[in-house]
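Okay, here's what each chain looks like letter by letter:
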Amino acid sequence: MALTDVYYSPSGAGSQDGSSAANAKAAITGTSWTTDIEGETRQNTRWIFLAGTYTVNEELVPTSTDPDADNPHFWVGADASGNLLEPKWSDDSQAHLDTTDYPKIIRTNNGTIFDATGIATIYKCLYLENTSTAYNQGSVLNSSFQECRQNFHHGLFMKFGNNSSASNNNARVHSNFGGKMVMCELVAGGTKFNVLHHGGGTHYSTLVNCRLYGTSTSGSGDGHGSKSDTVAHQVINCVIDNIHGDGIDLQSTLERNGTFVNNTITRCGGNGINGETAADKTGGILIENCIFYDIGGYAVTAHADNDDKQYGTQIGIGDATSGNFNNLDEYENTYTVTAVATTDFVDYANQDYRIRRDSALYKSNNGMNFGAIQNEDFEFVSVS
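Everything numeric in this text was worked out from a predicted model, so none of it was measured.

Turning next to the overall build of the chain. In terms of regular secondary structure, the chain is built from two helices and 34 strands. Here the chain has a C-alpha radius of gyration of 21 Å; the compact-globule value for 384 residues is 21 Å, and the two agree. Along the three orthogonal principal directions, the C-alpha set of the chain runs to about 65 × 60 × 45 Å. Counting the 384 residues in the chain, one finds 57% classified as buried. For the chain, the proportion of contacts with a sequence separation of at least 24, taken over those separated by at least 6, is 71%.

Written as structure tokens, this is what we have:
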């Protein structure tokens, strides 16, 4: 079945039949979603949100048939002219997404943005935020298992709260139940929250090339970067920075089999990767080519069971208050540890975590840098 495009803007345009950017349907009226978007077809339909600010104080509850694996539903961002957006970094540091043309969907009171059952919704290039200081949801977008499982997220910016206020011990930026996230940025405004990213409810939640940011290394609530209570959690090429909990917290009591490769985990009040909850006696945890720096606890922990398997070959660690490893026992010997200092980064103080060319971490592991950012850092070399 062919994909049908329907264009939306905050207040509508032209004939408002949704056929083009010039004739976009209105997505909101006042601070409420329109009855039109509530009843819009979702199966094999792409909702194209044009640049602008969509401010609401209610959840969008659709009434049309749910998408499924054969009939997916898309939410995508476009500029004001209707050109579909592709995610890009705001500068060479790759620290933040460029959200200049992103449609901004903002909920101003406690609650999530979207309530819809379905396992095949694709979200791309949208700015999603809840600005309520009372925010206590399991996700800015949607929070329950049936509403947000096995979906795909590409180039999303997601945030709750604001930088001058706390939120709630149970607050999460996003719940990703068995879904995939690529090049997304998740931000906690305030220092009172549960976790930035929750991977749980089903198997194989995956984060690739994402950026997860808190606002302080002290706070209340668990304050984790990525928390997993699922099997085979995967975090690859991600930056997790400035949080008061663990960078990655493995809470599953199941055989975990997680994969954590090329991550930069910095400024954590807790452990870098915390695997203390349960032993992994089958496939094992893989932690490879990651950087852990300025860690309040251990860089990597395992369960106290001697059969807990956590493997790796190359790892970079610096300023881990409690030490490099805890409970890894003989498995520590699979790792070669390279020391990390602030001078290894291009500009650590300003979140530029690219590795300097004169660092021992630069392209030192089979031609790859340690950490999340593998691009050239473009340092100029004088030519005589």
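Following the structure, the description resumes.
Looking now at unusual backbone geometry. A positive phi angle, close to 55°, is found at C125, a residue other than glycine. One non-glycine residue, N327, lies in the positive phi region at around 70°. Topologically, N327 is positioned in the loop between β31 (323–326) and β32 (336–339).

It is worth spelling out the sheet that holds strand β25 (residues 273–274) at this point. The seven strands lie next to each other as β13-β16-β19-β22-β25-β28-β31, forming an open sheet whose pairing is parallel. Both edges of this open sheet fall to β13 (172–175) and β31, since each of them pairs with a single strand only. Here two bridges tie strand β22 (residues 248–250) to β25, and the two strands are oriented parallel to one another. Across the sheet, I248 pairs through a bridge with I273, a residue of β25.

A few words now on the pairing of strand β24 (residues 264–268). With five of five residues buried, β24 is to be regarded as a mostly interior element. Relative to β24, strand β21 (residues 239–243) runs parallel, the two sharing four bridges. Across the sheet, the residue bridging to D241 is T266, located in β24. Summarising the sheet, β24 and strand β27 (residues 290–295) pair through four bridges and their orientation is parallel. When the sheet's bridge partners are listed, T266 is paired in β27 with Y293.

For P10, the position within the fold is in the loop between β1 (4–9) and β2 (25–26). Counting along the chain gives 282 residues from P10 to F292, while the straight-line C-alpha distance between them is 43 Å. Ignoring any residue separated from it by four or fewer positions in sequence, one finds P10 in contact with A26, A27, I28, G52, T53 and Y54.

Once that is clear, we can look at the pairing of strand β6 (residues 53–56). Judged by which residues are buried, β6 turns out to be one-sided: Y54 and V56 face inward and are buried, whereas T53 and T55, on the alternate face, are not. Strand direction decides the pairing type here: β6 and strand β8 (residues 104–107), joined by four bridges, are parallel. Each bridged residue has a counterpart across the sheet, and for Y54 the counterpart in β8 is I105.

What follows is about the side chain of T121. Note that T121 resides in strand β9 (residues 121–124). Excluding residues that lie within four positions of it along the chain, T121 makes contacts with P67, H73, W75, N151 and F152.

Here the focus is the sheet that holds strand β12 (residues 157–160). Strands sit in the order β6-β8-β10-β12-β15-β18-β21-β24-β27-β30-β32 across an open sheet of eleven strands; the sheet is parallel. This sheet does not close on itself; its edge strands, each paired only once, are β6 and β32. Taken pair by pair, the neighbouring strands of this sheet meet at an average axis angle of 10°, ignoring direction.

As a further point, take the nonpolar core. Counting residues in hydrophobic clusters, the biggest one holds 67 residues, and the most contacted among them are W33, F49, W75, L128, I287 and F292. Counting residues per element, this core draws most heavily on strand β5 (residues 45–50), which supplies four residues. If near-sequence neighbours (up to four positions away) are discounted, I287 is found in contact with F260, I273, F292, V300, Q310, Y311, G312, T313, I315 and Y335. Counting residues in each nonpolar core, the second largest holds 24 residues, with L97, Y213, I355 and Y362 among its members.

This part covers the packing of aromatic side chains. We describe a pair of aromatic rings using the distance from one ring centre to the other and the angle between the two ring planes. Scanning the entire structure with this criterion turns up 17 aromatic pairs. When the ring of F49 is compared with that of W75, the centres are 5.1 Å apart and the planes differ by 35°; the resulting orientation is tilted. Taken together, the residues span a long stretch of sequence, with F49 in strand β5 and W75 in strand β7 (residues 73–78) at a distance of 26 residues. Summarising the burial analysis for this pair, F49 and W75 share the class buried. The interplanar angle of 65° and the centroid separation of 6.3 Å between the aromatic rings of F160 and F193 together place this pair among those described as edge-to-face. A residue pair is termed long-range when its members are at least 10 positions apart, and F160 in strand β12 and F193 in the loop between β15 (185–188) and β16 (195–199) qualify at 33 residues.

On to the pattern of salt bridges. Overall, the coordinates contain nine salt bridges when judged by the stated rule. Between D98 and K88 there is a salt bridge; the shortest N-O distance is 3.9 Å. One end of the pair, D98, is in the loop between β7 and β8; the other, K88, is in the loop between β7 and β8, and ten residues separate them in sequence. Across the pair D358 and R356 runs a salt bridge, and its minimum N-O distance is 3.1 Å.

Calculation notes
- Residues numbered from 1 in each chain as written.
- Predicted model: local features only at pLDDT ≥ 70, side-chain atom pairs only at ≥ 80, totals over all residues.
- Heavy atoms only, no water.
- Helix = DSSP H or I, 4+ residues; strand = E, 2+ residues; numbered from the N terminus.
- Rg over C-alpha atoms; globule rule 2.2 N^0.38 Å.
- Buried < 20%, exposed > 50% of the residue type's maximum accessible area, 1.4 Å probe, protein only.
- Contact = heavy atoms within 4.5 Å.
- Pairing = 2+ DSSP bridges.
- Axes fitted to C-alpha atoms, helices over the stretch in contact; angles between N-to-C directions.
- Core = buried A, V, L, I, M, F, W, Y, C linked by side-chain atoms within 4.5 Å.
- Phe/Tyr/Trp six-rings, centres within 6.5 Å; stacked < 30°, edge-to-face > 60°.
- Salt bridge = Lys/Arg side-chain N within 4 Å of Asp/Glu carboxyl O.

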